[in-house]
Amino acid sequence: MKIARRSLLLGSAGLAALAMAGCSDDDEDHGPGTIVQVASDDSRFSILVEAVAAAGLVDTLNGAGPFTVFAPTNDAFAALLAELGTTKEALLANKALLTAVLTYHVLAGKVLAADVAALPKPATVTTVQGASFTVGADLGITDARGRTARLLVTDVMASNGVIHAIDKVILPPA
């Protein structure tokens, strides 16, 4: 079974922060912000937010969506930088690579953890980048290069989709 495609990534998890900008004095709940706003409000995703900005994907991920983002934490990015033998600055300067990697973390549509769990395993999932990754029976995500990420936090709601935090940056085919 394939889960659709569309455009862009960003990641986050943890606190589903409320978008408080423009609040009036009433007690009305304004709900969560966009994927970018939710990620920006969680310090565990500061590198991801920087990467999304450097790739020029902020407007897309602030758009209507809906999107599902498998969001790597700062620790996941630090491990990737060590694995690749590069610096954060060098990674952020490579817009083409950054865009390909980030969009590989995004699905078109809102896919909750229960939806992923219900897929027959192994399940092939197509990203907005155009390539696929596989979800195993243990809900591990295996990327196109055979690297496996684990879900840390699921179903962090945003106004334009959902975020699932993962412990590894997944990579599209070389």
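Please refer to the structure higher up on the page.
Residues numbered from 1 in each chain as written. Predicted model: local features only at pLDDT ≥ 70, side-chain atom pairs only at ≥ 80, totals over all residues. Heavy atoms only, no water.

**Concerning the pattern of salt bridges**
Here the structure, examined in full by the defined rule, presents five salt bridges. A salt bridge links Arg 44 to Asp 42, with the nearest nitrogen and oxygen atoms 2.8 Å apart. Relative accessible area serves as the criterion here: at 39%, Arg 44 is assigned to the partly exposed category. Sharing partners across several salt bridges, the network here consists of Glu 83, Asp 143 and Arg 147. (Salt bridge = Lys/Arg side-chain N within 4 Å of Asp/Glu carboxyl O. Buried < 20%, exposed > 50% of the residue type's maximum accessible area, 1.4 Å probe, protein only.)

**Comments concerning the packing of helix H2 (residues 46-54) against helix H6 (residues 95-103)**
Helix packing geometry: the angle between the two helix axes and the distance between the axes. With their axes 9 Å apart at the nearest point, H2 and H6 run at an angle of 120° to one another. Classed by the angle they form, the pair H2 and H6 counts as oblique. In the packing of H2 onto H6, the handedness of the crossing is left-handed. Contacts from Leu 48, Ala 51, Val 52 and Ala 54 of H2 reach H6 at Lys 95, Leu 98 and Leu 102. Residue composition of the contact of H2 with H6, by class: six nonpolar, no polar and one charged. (Axes fitted to C-alpha atoms, helices over the stretch in contact; angles between N-to-C directions. Helix = DSSP H or I, 4+ residues; strand = E, 2+ residues; numbered from the N terminus. Parallel < 35°, antiparallel > 145°, perpendicular 65-115°, else oblique. Left-handed = near helix turned anticlockwise from the far one by under 90°. Contact = heavy atoms within 4.5 Å. Nonpolar A, V, L, I, M, F, W, Y, C, P; charged D, E, K, R; others polar.)

**What about the packing of aromatic side chains?**
Inspection of every chain in the model, using the stated rule, returns two aromatic pairs. On the numbers, 5.5 Å between centres and 85° between planes, the contact of Phe 70 with Phe 133 is edge-to-face. With Phe 70 in strand E1 (residues 67-72) and Phe 133 in strand E4 (residues 132-135), the pair connects residues that are 63 residues apart, well separated along the chain. The class for Phe 133 is buried, based on a relative accessible area of 1%. (Phe/Tyr/Trp six-rings, centres within 6.5 Å; stacked < 30°, edge-to-face > 60°.)

**A closer look at the sheet that holds strand E5 (residues 141-142)**
Paired through their backbone hydrogen bonds, the strands of a sheet run either parallel or antiparallel. The strand order across the open sheet formed by four strands is E3-E4-E5-E6, and the pairing between neighbours is antiparallel. Only two strands of the sheet have a single neighbouring strand rather than two, namely strand E3 (123-126) and strand E6 (148-149). As paired elements, E4 and E5 share two bridges and run antiparallel to each other. Following the sheet pairing, Val 135 is matched in E5 by Ile 141. (Pairing = 2+ DSSP bridges.)

**A closer look at the sheet that holds strand E8 (residues 161-166)**
Judged by pairing direction, the sheet is mixed, and its four strands sit side by side in the order E2-E1-E8-E7 without closing on themselves. Where the open sheet ends on each side, the last strands, each with one partner, are strand E2 (106-108) and strand E7 (151-158). Within this sheet the neighbouring strands show an average axis-to-axis angle of 15°, counted without direction. Across five bridges, the pairing between E7 and E8 is antiparallel. In the sheet register, Ala 158 faces E8, and the bridge partner there is Gly 161.

**Describing H2**
The periodicity of an α-helix, 3.6 residues per turn, causes residues three or four places apart in sequence to face the same way. Among the residues of H2, Ile 47, Leu 48, Val 49, Ala 51 and Val 52 are the ones counted as buried. The secondary structure elements touched by the buried residues of H2 are helix H1 (35-40), helix H3 (58-61), E1, helix H4 (74-84), helix H5 (88-93) and H6. Of the residues one or two after H2, Gly 56 is the one with positive phi, at around 75°.

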